[in-house]
Amino acid sequence: DIQMTQSPSSLSASVGDRVTITCRASQSISNYLNWYQQKPGKAPKLLIYAASSLQSGVPSRFSGSGSGTDFTLTISSLQPEDFATYYCQQSNSVPRTFGQGTKVEIK
Amino acid sequence: QVQLQESGPRLVKPSETLSLTCTVSGGSISGYYWTWIRQPPGKGLEWIGFIYYSGSTDYNPSLKSRVTISVDTSKNQFSLRLTSVTAADTAVYYCARDPGRGGDFDYWGQGTLVTVSS
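Residues numbered from 1 in each chain as written. Chains lettered and ligands numbered in written order. Predicted model: local features only at pLDDT ≥ 70, side-chain atom pairs only at ≥ 80, totals over all residues. Heavy atoms only, no water.

1. Some words on the overall build of chain B
Reasoning step 1: Looking only at helices and strands, chain B features zero helices and eleven strands.
Reasoning step 2: Ordering the α and β elements of chain B from the N terminus gives β-β-β-β-β-β-β-β-β-β-β.
Reasoning step 3: Radius of gyration (C-alpha) of chain B: 13 Å, near the 13 Å computed for a compact globule of 118 residues.
Reasoning step 4: Projected onto its principal axes, the C-alpha positions of chain B cover 40 × 25 × 25 Å.
Reasoning step 5: Burial status across chain B gives 45% buried among its 118 residues.
Reasoning step 6: Partitioning the contacts of chain B with sequence separation of at least 6, the portion at a separation of at least 24 is 52%.
Reasoning step 7: Carbon and sulfur atoms form 46% of the exposed surface of chain B, whose accessible area is close to 5,300 Å².
Reasoning step 8: Of the side-chain charges in chain B, 10 are positive and 9 negative, and the distance between the mean point of each set is 5 Å. (Helix = DSSP H or I, 4+ residues; strand = E, 2+ residues; numbered from the N terminus. Rg over C-alpha atoms; globule rule 2.2 N^0.38 Å. Buried < 20%, exposed > 50% of the residue type's maximum accessible area, 1.4 Å probe, protein only. Contact = heavy atoms within 4.5 Å. Areas by Shrake-Rupley, 256 points an atom, 1.4 Å probe, with all protein chains shown as cover. Lys, Arg positive; Asp, Glu negative; His and termini not counted. Charge placed at Lys NZ, Arg CZ, Asp CG, Glu CD.)

What follows is the structure, encoded as structure tokens:
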């Protein structure tokens, strides 16, 4: 199985801050990397697919980059509704695997 | 707008079989991959497996001996069966759609908490 490691596990930030979350794969996954946002009691929501493609309806302050083993999710200006947990997921091979999550909290 | 809705028993006894159904509305089940994912309380996400609308499947090796996913295109539904459950199978179970462009999940059900307890 491909292991996905996110960092940090949690972070505190203020509204308006630029936030970057990192995801590292245990082996190369090309650009088969997806990002999700999950709020308490809700299903995950797809933000970014194929490492850098913005899902329809997702605000442009979210962006993704990377290829191979190292990827980043960036929120350019954190908004109150962005406080949530973020997960990366690899889709290069089966079984699909997720990172452990990064919780973004209010500073 | 595509919507997914999980249904099935919320409480299952140890050693018995967990059965859930996902009903797809607002779009056809044909042409896509359909996935089950679970999340134990307070923990991360675990991919269980998927089924293509034609019936081909793939499962997480960690669960493969106990999992069956099936599809009923006439009802626009797909289902999960997990046998010999233990407390470790207590989780929120989500169904989701893989649009087939690279393995992401673009539509999700709201999730249903299934508790394994006697």
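2. Focus: the sheet that holds strand β7 (residues 67-72) of chain B
Residues and elements named next belong to chain B.
Reasoning step 1: The strand order across the open sheet built from four strands is β1-β3-β8-β7, with neighbouring strands paired in antiparallel fashion. Two strands in the sheet have a free side with no partner beyond their single neighbour: β1 (3-7) and β7. Put simply, the sheet's adjacent strands are angled 20° from each other on average, direction ignored.
Reasoning step 2: One ladder, built from six bridges, connects strand β3 (residues 18-25) with strand β8 (residues 77-82); its direction is antiparallel. Each residue of the ladder has a partner; that of Leu-18, found in β8, is Leu-82. (Pairing = 2+ DSSP bridges. Axes fitted to C-alpha atoms, helices over the stretch in contact; angles between N-to-C directions.)

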